[in-house]
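Here is what each chain is made of, one letter per residue.
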Amino acid sequence: QVQLVESGGGLVQAGGSLRLSCAASGRIFSTYTMGWFRQAPGKEREFVSAIRWSGIRTYYADSVKGRFTISRDSAKNTVYLQMNSLKPEDTAVYYCAADADGGFIVTKPPVYDYWGQGTQVTVSS
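Residues numbered from 1 in each chain as written. Predicted model: local features only at pLDDT ≥ 70, side-chain atom pairs only at ≥ 80, totals over all residues. Heavy atoms only, no water.

Novice: Is there a simple way to explain the state of the cysteines in this structure?
Specialist: Linking two cysteines covalently via their sulfur atoms produces the bond known as a disulfide. This structure, assessed with the given rule, holds one disulfide. At a sulfur-sulfur separation of 2.0 Å, the disulfide partner of Cys22 is Cys96. With the S-S dihedral at roughly -75 degrees, the linkage between Cys22 and Cys96 falls on the left-handed side. With Cys22 in strand E3 (residues 18–25) and Cys96 in strand E9 (residues 92–99), the pair connects residues that are 74 residues apart, well separated along the chain. Owing to a relative accessible area of 0%, Cys22 belongs among the buried residues under this scheme. (Disulfide = S-S within 2.5 Å. Helix = DSSP H or I, 4+ residues; strand = E, 2+ residues; numbered from the N terminus. Buried < 20%, exposed > 50% of the residue type's maximum accessible area, 1.4 Å probe, protein only.)

Pasting the structure below:
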């Protein structure tokens, strides 16, 4: 069993930065894929970014490419999402997720086995 706890959300002005953290308890194996998703009010949960726990591959939604960076610290069992040049449309609850099988698909919520409780990110214009 893996538990995920996100932190680092908050209120920031457009153009600002935030770094989200996702601390995982339990054993994270090299086969895992860790993902970040977000959900704005009235919208579906959408893929933001993912990283293979091996660290070899990273993935980004087009909307955040070049602005967000995903990374992980295996010693701390923690995944990070550095968010720069934030826009009001980035406002959402951000969720961390873990896919134990590390399959080919990384962008769809159903493939993920574990989810955090979410952290609110609000970007003011």
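Novice: What am I meant to see in the nonpolar core here?
Specialist: If you look at soluble globular proteins, the nonpolar side chains tend to sit buried side by side. By size, the foremost hydrophobic cluster in this structure holds 37 residues, and its most contacted members are Leu4, Met34, Trp36, Leu81, Met83 and Tyr94. Residue assignment for this core shows that the elements contributing at least two residues are E3, strand E4 (33–39), strand E5 (46–52), strand E7 (68–73), strand E8 (78–83), E9 and strand E11 (119–124). Looking at which element gives the most residues to this core, the answer is E9, with five residues. (Core = buried A, V, L, I, M, F, W, Y, C linked by side-chain atoms within 4.5 Å.)

Novice: How should the packing of aromatic side chains be read in this particular structure?
Specialist: For any pair of aromatic rings, the description consists of the separation of the ring centres together with the inter-plane angle of the planes. If you walk through the whole model with that rule in mind, you get six aromatic pairs. Taking the centre distance of 5.7 Å and the plane angle of 75 degrees together, the rings of Phe37 and Phe47 count as edge-to-face. Taken together, the residues Phe37 in strand E4 and Phe47 in strand E5 connect sequence positions ten residues apart. Assessed through its relative accessible area of 12%, Phe47 is described here as buried. (Phe/Tyr/Trp six-rings, centres within 6.5 Å; stacked < 30°, edge-to-face > 60°.)

Novice: Got a minute to help me understand the pattern of salt bridges in this structure?
Specialist: Any two side chains of opposite charge can pair if their charged atoms end up close together. Taken as a whole and assessed by the stated rule, the structure comprises four salt bridges. Residue Arg38 is joined to Glu46 by a salt bridge in which the shortest nitrogen-to-oxygen separation is 2.6 Å. Owing to a relative accessible area of 5%, Arg38 belongs among the buried residues under this scheme. In this structure Glu46 comes out as partly exposed when scored by relative accessible area, which is 35%. Between Asp90 and Arg67 there is a salt bridge whose closest N-O contact spans 2.7 Å. Residue Asp90 is located in the loop between E8 and E9, and its partner Arg67 is located in the loop between strand E6 (58–60) and E7; the two are separated by 23 residues in the primary sequence. Comparing Asp90 with Arg67 shows no difference in burial state: the two are buried. When salt bridges that share partners are traced, they join Arg38, Glu46, Arg67 and Asp90 into one network. (Salt bridge = Lys/Arg side-chain N within 4 Å of Asp/Glu carboxyl O.)

Nothing here speaks to function; it is geometry throughout.
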